[in-house]
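Inside the fold
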Amino acid sequence: MPKPGDKAKVKVNVKERVVDESCDLSLSELSEIPVREIASFKRVTVLDLSSNRLVNLGKNFSILTRLVRLDLSKNQITFLPEDFGQLEQLRHLDLYNNCLEHLPISFGQLRRLRYLDLKGNPLTPAWQKIVGCCSTQKDCQQAAKNTVSICANYKPEFIERECLAAQETLKMAGAGDSNSANSAQANGGATGGKKSTKPNNKKAKAKKLAGGGDSELTIKPVNAGGPSGSGGTGSGSKSSLKNNQKKKNSNGGTWLNLLSRAALSSLVTFLVLFVINLLIIYMIMFKNPDIADKLVEYIPHQYRDWILTKTEIFRLRVTDWISEFRTPPEEH
C-alpha cells in the first residue's frame, strides 16, 4: 500500500493522446515522462506536457530529436538535462512558470529555436539579463536568439569562473558571519572591536566586487570586447562604409566608361561601313557594270523596276555631281 505522502506514478495511454503529428499529455498529473512510448510514434513533432507535476525531464528525453514544438509550462522543473541541445529541430519552447534558475550551455546547439518563454522562473541575475522579460511574442523571439547565440559563444573557462565566483561568495558570506559573531562575543561591542572589524569588512567588500566582476564577465559572449573593442568596431564600421562608398563610385565610373567606349566603337563601325558601301556602289555602278547586271538578276521581279529606277536616278545625280566637281570654275 502506498503511503499518503508518496506520489503515485500516473500511467497514461499515449496512443489515445496522439492526433496526427501532436501528442497532448497536458493536465495528466504526470511526475515522469513516458519517453519511450512517445518515441515509438515517429510522426510526433508537437508535444504538450503543460500543467503536470514534472520536476525533471528524465535521462532519455534527448532521444526525442524530431520535436519541433515543446510545451513544458506550469510544472515544477528545476533543471534541464545537459544534453538538451540534441533537440536540434526545436523551434518553439515554452517553459513558463517553472523553477529554473539557469539553462544548460548545450542551448547553443538549438540553431533553429525561434521562440523561448521563461516567464515565472527564478532565474539568476546573469540569465535574467540574457533572457529578458519575455512579456510579448517579440520578447520571446529575442530571448531565443540571445540565449542561443550567447550559449554558442561560451567557453568552459567562463563557466568554471562563474562556479568559482559563486563558491567564493558563499565562503565569504559564511566567514563574514562567523567573524562578526566572534568579534561581538570577545569584545562586547567595544570600540576596539569595531576598529578590528573594519579592515575585514573592507576585504570582504573588495572580494565581493571582484566576484561580481567575474560574474559580469560571464554574461558577455566570448566574441564581445571591452570599450577598446567597441571603439574598434566603430572605427571598423566607418572604414567599411567608406570602402562601400568607394566601391559604389568606382562601379559607377566603370559603367560610364563602358558606355562611352561602346558608343564610340559603334560610331566608328558605322562610319567605316558607310564608306565601304559607298566604295562598293561606286565600283559596281561605274567600273564594273557586268557585276551590277548579275546582281539585278537576283532581285525579285516585284521590286526590280523600282530599284532600277532609283539606282538610275542616283547614278545620274552622282555623275552630274562628279562632272561639276571636275570642271573648272571658268567653264561654269
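So, a few notes on the structure that sits alongside this text.

Each value, and the rule that gives it
Residues numbered from 1 in each chain as written. Predicted model: local features only at pLDDT ≥ 70, side-chain atom pairs only at ≥ 80, totals over all residues. Heavy atoms only, no water. Disulfide = S-S within 2.5 Å. Buried < 20%, exposed > 50% of the residue type's maximum accessible area, 1.4 Å probe, protein only. Helix = DSSP H or I, 4+ residues; strand = E, 2+ residues; numbered from the N terminus. Contact = heavy atoms within 4.5 Å. Pairing = 2+ DSSP bridges. Phe/Tyr/Trp six-rings, centres within 6.5 Å; stacked < 30°, edge-to-face > 60°. Core = buried A, V, L, I, M, F, W, Y, C linked by side-chain atoms within 4.5 Å. Expected span 1.5 Å × (residues − 1). Lys, Arg positive; Asp, Glu negative; His and termini not counted. Salt bridge = Lys/Arg side-chain N within 4 Å of Asp/Glu carboxyl O. Polar contact = N/O pair within 3.5 Å; in protein donor to acceptor, adjacent residues only side chain to side chain.

**So, the state of the cysteines**
This structure, assessed with the given rule, holds zero disulfides. Lacking any disulfide linkage, Cys 133 is separated from the closest cysteine sulfur, that of Cys 134, by 6.5 Å. In this structure Cys 140 is not part of a disulfide, and its nearest cysteine sulfur, from Cys 134, lies 4.6 Å away. The buried category is assigned to Cys 140, whose relative accessible area is 1%.

**Points about the environment of Glu 88**
Counting through the fold element by element, Glu 88 comes out in the loop between β4 (69-71) and β5 (92-94). The class for Glu 88 is partly exposed, based on a relative accessible area of 42%. Between the C-alpha atoms of Glu 88 and Leu 67, which are 21 residues apart in sequence, the distance is 8.5 Å. Not counting residues up to four positions away in its chain, the partners in contact with Glu 88 are Gln 109, Leu 110 and Arg 112.

**Digging into the sheet that holds β4**
In spatial order, the strands read β1-β2-β3-β4-β5-β6; together these six strands make up an open sheet with mixed pairing. Either end of the sheet is taken by a strand with one partner, and the two such strands are β1 (18-19) and β6 (115-117). Where strand β3 (residues 46-48) and β4 come together, three bridges link them in parallel fashion. Bridge assignment links Asp 48 to a residue of β4, and that residue is Asp 71.

**Considering the packing of aromatic side chains**
Aromatic rings in a pair are described by how distant their centres are and how their planes are angled relative to each other. The full count for this structure, using the stated rule, is one aromatic pair. Here the aromatic rings of Phe 84 and Phe 107 are separated by 5.6 Å at their centres, their planes lie at 15°, and the arrangement is stacked. Here Phe 107 lies in the loop between β5 and β6 and Phe 84 lies in the loop between β4 and β5, a separation of 23 residues in the sequence. Its relative accessible area of 1% is what places Phe 84 among the buried residues. Of the residues examined, Phe 107 reaches a relative accessible area of 0% and is grouped as buried.

**Remarks on the nonpolar core**
If you look at the biggest cluster of nonpolar residues, it comprises 46 residues, and the most contacted ones within it are Leu 47, Phe 61, Phe 84 and Phe 107. When residues of this core are traced back to their parent elements, those giving at least two are α2 (35-39), β6, α3 (125-131) and α4 (137-153). The element best represented in this core is α4, accounting for six residues. Setting aside anything within four residues of it in sequence, one finds Leu 47 in contact with Cys 23, Leu 25, Ile 38, Phe 61, Leu 64, Leu 67, Arg 69, Leu 70 and Asp 71.

**A word on α4**
Under the 1.5 Å per step criterion, the end-to-end length of α4 is 25 Å for 17 residues, consistent within 8% with the ideal 24 Å. The set of residues buried in α4 consists of Cys 140, Ala 143, Ala 144, Thr 147, Val 148, Ile 150 and Cys 151.

**Observations concerning the side chain of Asp 71**
The residue Asp 71 is located in strand β4 in this model. Buried and unpaired, Asp 71 has no salt bridge, with Arg 69 as the nearest side chain of opposite charge at 6.6 Å. In this structure the side chain of Asp 71 is engaged in a polar contact, spanning 2.8 Å, whose partner is the side chain of Ser 73. When neighbours within four sequence positions are excluded, Asp 71 is seen to be in contact with Leu 47, Asp 48, Leu 49, Ser 50 and Asp 94.

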